[in-house]
There are 2 protein chains.
Amino acid sequence: MLQTKIIPPTESANQAPLLIKRLLLSGVRYEKTREIVYRDLVRYNYATFNERVARLANALSEAGVKAGDTVAVMDWDSHRYLECMFAIPMIGAVLHTINIRLSADQILYTMNHAEDKFVLVNSEFVPLYKGIESQLTTVAKTILLTDAPEKTADIANLVGEYENLLAAASTKYDFPDFDENSVATTFYTTGTTGNPKGVYFTHRQLVLHTLAEASVLGSLDSVRLLGTSDVYMPITPMFHVHAWGIPYVATMLGVKQVYPGRYEPDMLCRLIREEKVTFSHCVPTILQMMLNAPSAQGYDFGGLKVIIGGSALNRALYEAAKARGIQLTAAYGMSETCPLISCGHINDELFAGSESERISYRIKAGVPVPLVEAAIMAADGSLLPADGETQGELVLRAPWLTMGYFNEPQKSAELWEHGWLHTGDVATLDDFGFIDIRDRIKDVIKTGGEWLSSLELEDLISRHPAVREVAVVGIADPQWGERPFALLVVREGQTLDARGLKEHLKPFVEQGSINKWAIPSQIALVTDIPKTSVGKLDKKRIRLDIAQWQAAGSAFLSTL
Amino acid sequence: MLQTKIIPPTESANQAPLLIKRLLLSGVRYEKTREIVYRDLVRYNYATFNERVARLANALSEAGVKAGDTVAVMDWDSHRYLECMFAIPMIGAVLHTINIRLSADQILYTMNHAEDKFVLVNSEFVPLYKGIESQLTTVAKTILLTDAPEKTADIANLVGEYENLLAAASTKYDFPDFDENSVATTFYTTGTTGNPKGVYFTHRQLVLHTLAEASVLGSLDSVRLLGTSDVYMPITPMFHVHAWGIPYVATMLGVKQVYPGRYEPDMLCRLIREEKVTFSHCVPTILQMMLNAPSAQGYDFGGLKVIIGGSALNRALYEAAKARGIQLTAAYGMSETCPLISCGHINDELFAGSESERISYRIKAGVPVPLVEAAIMAADGSLLPADGETQGELVLRAPWLTMGYFNEPQKSAELWEHGWLHTGDVATLDDFGFIDIRDRIKDVIKTGGEWLSSLELEDLISRHPAVREVAVVGIADPQWGERPFALLVVREGQTLDARGLKEHLKPFVEQGSINKWAIPSQIALVTDIPKTSVGKLDKKRIRLDIAQWQAAGSAFLSTL
């Protein structure tokens, strides 16, 4: 290590460690009349929020929660979840945000693996919880969350109901200082194989992520995504990387926040309209669902700004949203990265071309946000040129990446091989910093001796007017190694066969965008494409389905 | 310390320490065509900036600069200064920004006290430098900065001229990782007594300050002060708390930057017009000077956003600026605080009153920015209520406050007494977080048994139409303890005497804003009010002047 000048601090100096409690020193104080809203059920202001965080801290402490304990939450997006995102880490405990879309077996696995000591469970999940209760190895006590009049449930070791506990608790809690490298949150990410893996983030990491995210959301050239007078509602679950960390940003700045519970399109659209929501974020699937919702027909979302992440943003969705008054911004990140890594950004001086050309940049994964270092790596660990052409694995360094998977030394070492975090995504990086995700490493198709991006092919197919949704995977082919197989959902009253799709793709072959082996020789028309618990295309499941259909000689397959 | 959960990072994980080099990973890459401009002399883009930072690092290393060495800069605001703000800390050395408005003796004192090993000196300061050269105890080598055709100077141990050295240096430098708690910058602050004191900031502190400042400048309710398409020019010297840290923010975001050299009103106004500057910051005096500049007459600054700090912002200046198209935002900080502590912020929901009422909030010191904890302390170290009424010393905690004064253990301990940084300012803090600075502790006037704020009295006097500038100090009075004494600069062609001032202040006494002892019994009309090197009213000097005038029975004193 370089011998730099280091001066020990004055003995009585306070160094103000980067703890989550410091995020409550600004917006919460000077915007105290701003509201936090939960569906049409609860509405209170920041002054009350601040008190409730202290009440929750007291209730948890009285229930026996100690610093270092892990406290799990099973809830839909709510004001209660937001309170947990602050109070649990602020008393030195670890918040485990349970992915309630996993199977009961997977939830059980994650709760035992994370060593959860306390669980806050929404009454809607009580049946699920009761199914696994007897197999939980570390849970000592439970707290009930409910919107129903019934304030109790038949689960073991129930301390009480959340609101009752808060009502009985003091509004004062002297939140202590401790090491900023203490774990604040943990949650589990599902890979394509094996058990879910636990990522974790420290107070320091979450505070840094919050500051960097706030600086990006405020300063973007084309559109200010989040200023203090915006109204924010997440449409990415709070269990999924803390709703991309934006509740922390919104709270720090003192922005009005709206929590929608579970994602029912009608409720989402109604909250947007009635609470005057101006800023949100979601995966493409949810946006599509909202645009199609009966209650949203004829409604102009004018002025709504939405960050799209989780899956690639395609041109068709960008334009469909724009036609309804929604300004989309692409962003990129993953569970391991806290998550914000890059965000769409158009420098007006640089990209003075047609709107069509600009859109081709807007739908990329964006440019790295402050403090993030991105590079493209070859399989041997060498870094590849950032020329917009060379493909390789996207690797990252930043002050808020998970330092490993909980209790998984082997997988942790693989994640951080060569001193960079491996994303598992194939990408290019251009001279202006734009990240362009080409595919998941596992989803790249090798056909006719050439690499084909399933994402790129999905984008081209989605431009066909009959196509509502598409997924492409590679299937084994004796002659070409692999050939692409396309799963399609077509629009109501329309149809498409393999020949029609070929006609649609031919011009792209002629232009040289794709090679001739890229035209799928087989497609399947389905009513629904399988998705993972966080709304991404579930390609593992799709491959299994295709194998079964092929074995059965299924009738809805169309072959060239 | 609480026993929280701490997981050691995976061995190969990169924790990305908070080093200044990380600020160059975002804006500099994706805004590379944006410009950095120095007067009408130099203009280049961020790609070149990035190369020049590497060239400077190589040139300094070749000149013998090692990690831990202190490298001093004596320059006006320039692109070179910006390059030094990055390259010097990025090689692990310490940047000493010399306050070139101090006396030669004081500069000599600070250079020896800081243990400067290398000095970069602008040719305009060569005469000054030669006067102290022989008494410098630690300087080994010098580098010349110049805008003149002559690329050499007669100073000892001259390595060469900056541009020549950069031209000969490589554009590649592999900036190392090191401890984020390494000192990055130092500079000296002049108190009312004794020698200047050296404050210092670490890489970690500067990175955190940059992120928090960016988040505030981007997200403010009423006006976005700084987005990536703004054009920034500092009008607070770069030697003074790194021009309030905003060059770091602008560079991180990739904003066009304009550096004006020395502050000549005509040049400043011309650059604002020609380079389309939209965002700046300065002390009230400089703004007043610009508004009065002959070249600015008739010019509408439409759209210019300016942060005012360093001294209190008064209503008259706020309104005068507004009439010329300038939107002012008050901010508060000091050399010891990096400096940003609070920033003017109007929540439209809360402050829905008349514009006149809103202005009374706009000219306060604002509300604490994220991560800053502010409190009001009594002389015994106890914290006082934040009720908007109770006055006490403003004390602070935040992750970017200086940890002490360099080599001054006694003064460092006083600065951090009771675990809070002491600002020396008397203030109130209200229920919405607004800080209202009432006075410097040393400038409060005790008259007729009551405390009187010299700042408040200055504000009331400045509302008289004949008054251009005013300073109030307390002078000893056998009957009342102290009485206020006002120094006035009146507008051209106008005059004012003590009786006229009394007439002006009477209504405020009647309203109960001030008590009757607050009306100055003596005033002096002067052509200029003494200021410190950073443009604040120099009350120490004013008291000395008054004592001399009184002793001499000076004719321009007017007595009730």
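Here the structure is a predicted model, which means the values were calculated and not measured.

A. Quick peek at the packing of aromatic side chains. Applying the stated criterion across every chain, the model contains 18 aromatic pairs over all chains. Seen in terms of ring centroids, Tyr46(A) and Phe49(A) are 6.1 Å apart; in terms of plane orientation they differ by 70°. Their pairing is edge-to-face. Taken together, the positions of Tyr46(A) and Phe49(A), both in helix 2 (residues 46-62) and three residues apart, correspond to about one turn of that helix. According to the relative accessible area criterion, Phe49(A) is buried, its value standing at 0%. One aromatic cluster is present, formed by Tyr46(A), Phe49(A), Phe86(A) and Tyr248(A) through successive ring pairs. One cation-aromatic arrangement involves Lys197(A) over Tyr405(A); the distance from NZ or CZ to the ring centre is 5.1 Å. Stacked on the ring of Tyr299(B), the Lys or Arg Arg273(B) has its end atom at 5.0 Å from the ring centre.

B. Main features of the relation of the copies chain A and chain B. For the pair chain A and chain B, the best superposition has an RMSD of 0.0 Å and corresponds to a rotation of 180° with a translation of 0.0 Å parallel to the axis. In short, the pair behaves as if placed about a two-fold rotation axis. Comparing interface residues between copies, 100% of those in chain A also lie at the interface in chain B; the contact surface is shared.

C. Quick look at unusual backbone geometry. Residues and elements named next belong to chain A. Geometrically, the link from Cys338 to Pro339 is a cis peptide bond, its omega value of 5° lying close to zero. By the secondary structure assignment, Pro339 is in the loop between strand 14 (326-332) and strand 15 (342-343). The residue Arg39 is not glycine, and still its phi comes out positive at about 45°. Mapping Arg39 onto the fold places it in the loop between strand 1 (35-38) and strand 2 (42-45).

D. The side chain of Gln257(A), seen in detail. Summarising the element assignment, Gln257(A) is placed in strand 11 (residues 256-259). In contact with Gln257(A), not counting residues within four places along its chain, are Glu35(A), Ile36(A), Val37(A), Tyr46(A), Leu82(A), Tyr232(A), Pro247(A), Ala250(A) and Thr251(A).

E. Focus on the domain arrangement of chain A. Partitioning chain A into domains gives domain 1 (45-202) and domain 2 (445-559). Summarising the inter-unit geometry, the C-alpha centres of domain 1 of chain A and domain 2 of chain A are found 42 Å apart.

F. Spatial organisation of the pattern of salt bridges. Tallying each qualifying case throughout the model produces 59 salt bridges over all chains. A salt bridge links Arg463(B) to Asp459(B), with the shortest nitrogen-to-oxygen separation between them at 3.1 Å. Three or more residues are tied together by salt bridges with common partners; here these are Glu35(A), Arg43(A), Lys256(A) and Glu275(A).

G. Quick look at the UniProt feature "domain: AMP-binding enzyme C-terminal" (unreviewed entry) in chain A. Following the UniProt record, one finds the feature "domain: AMP-binding enzyme C-terminal" (unreviewed entry) at residues 456-536 of chain A. Its end C-alpha atoms 16 Å apart, residues 456-536 of chain A is made of 25% helix and 31% strand.

H. Representation of empty space enclosed by the protein in the model. Residues and elements named next belong to chain A. This structure, assessed with the given rule, holds twelve cavities of 30 Å³ or more. The volume enclosed by the largest cavity comes to roughly 170 Å³. Around the largest cavity, the lining is made up of 17 residues, and of these Trp244, Gly310, Tyr332, Gly333 and Pro339 lie nearest the centre. Going through the elements one at a time, helix 7 (203-219), helix 8 (241-244) and strand 14 are the ones with two or more residues in the lining of the largest cavity. Across the lining of the largest cavity, the residue classes break down as ten nonpolar, five polar and two charged.

I. Broad picture of the sheet that holds strand 19 (residues 392-397) of chain A. Residues and elements named next belong to chain A. The five strands are arranged 18-17-19-20-21 in an open sheet whose pairing can be described as antiparallel. Across the chains shown, the open sheet's two edge strands, defined by having one partner strand only, are strand 18 (383-384) and strand 21 (435-440). Inspection of the sheet shows strand 20 (residues 421-429) paired to strand 21 by five bridges, in the antiparallel sense. Opposite Ala427, over in strand 21, you have Ile437 as the bridge partner.

J. Broad picture of the side chain of Lys256(A). Residues and elements named next belong to chain A. If you trace the backbone, Lys256 turns up in strand 11. Given a relative accessible area of 12%, Lys256 falls into the buried group. Looking at Lys256, its side chain comes within polar contact range of the side chain of Glu275, at 2.9 Å. Apart from the residues lying within four places of it in its own chain, the contact partners of Lys256 are Arg34, Glu35, Val37, Asp230, Val231, Tyr232 and Glu275.

K. Region of interest: the packing of helix 15 (residues 454-462) of chain A against helix 16 (residues 498-510) of chain A. Residue and element names in this part refer to chain A. At their nearest, the axes of helix 15 and helix 16 sit 10 Å apart, and the two run at 115° to each other. Classed by the angle they form, the pair helix 15 and helix 16 counts as roughly perpendicular. Note on packing geometry: the crossing formed by helix 15 with helix 16 is right-handed. Each of Leu457, Leu460 and Ile461 in helix 15 lies in contact with helix 16, whose residues at this interface are Leu501, His504, Leu505 and Phe508. Tallied by class, the residues present in the contact of helix 15 with helix 16 amount to six nonpolar, one polar and no charged.

L. Focus on helix 2 (residues 46-62) of chain B. Over its 17 residues, helix 2 of chain B runs 24 Å from end to end, which matches the ideal 24 Å to within 8%, given 1.5 Å per residue. By the burial criterion, the buried members of helix 2 of chain B are Tyr46(B), Phe49(B), Arg52(B), Val53(B), Ala54(B), Leu56(B), Ala57(B), Asn58(B), Ala59(B) and Leu60(B).

Conventions used here
- Residues numbered from 1 in each chain as written.
- Chains lettered and ligands numbered in written order.
- Predicted model: local features only at pLDDT ≥ 70, side-chain atom pairs only at ≥ 80, totals over all residues.
- Heavy atoms only, no water.
- Phe/Tyr/Trp six-rings, centres within 6.5 Å; stacked < 30°, edge-to-face > 60°.
- Helix = DSSP H or I, 4+ residues; strand = E, 2+ residues; numbered from the N terminus.
- Buried < 20%, exposed > 50% of the residue type's maximum accessible area, 1.4 Å probe, protein only.
- Lys NZ or Arg CZ within 6 Å of the ring centre and 35° of its normal.
- Least-squares fit on C-alpha atoms with pLDDT ≥ 70 in both.
- Contact = heavy atoms within 4.5 Å.
- Domains from an automatic or database assignment.
- Salt bridge = Lys/Arg side-chain N within 4 Å of Asp/Glu carboxyl O.
- UniProt positions renumbered as here; feature names shortened; annotations may be inferred.
- 1 Å grid on protein atoms, 1.4 Å probe; cavity = no way out; pocket = protein on both sides within 12 Å on 5 of 7 lines; lining within 4 Å.
- Points joined across faces, edges and corners; volume = space filled by probe spheres on them.
- Nonpolar A, V, L, I, M, F, W, Y, C, P; charged D, E, K, R; others polar.
- Pairing = 2+ DSSP bridges.
- Polar contact = N/O pair within 3.5 Å; in protein donor to acceptor, adjacent residues only side chain to side chain.
- Axes fitted to C-alpha atoms, helices over the stretch in contact; angles between N-to-C directions.
- Parallel < 35°, antiparallel > 145°, perpendicular 65-115°, else oblique.
- Left-handed = near helix turned anticlockwise from the far one by under 90°.
- Expected span 1.5 Å × (residues − 1).

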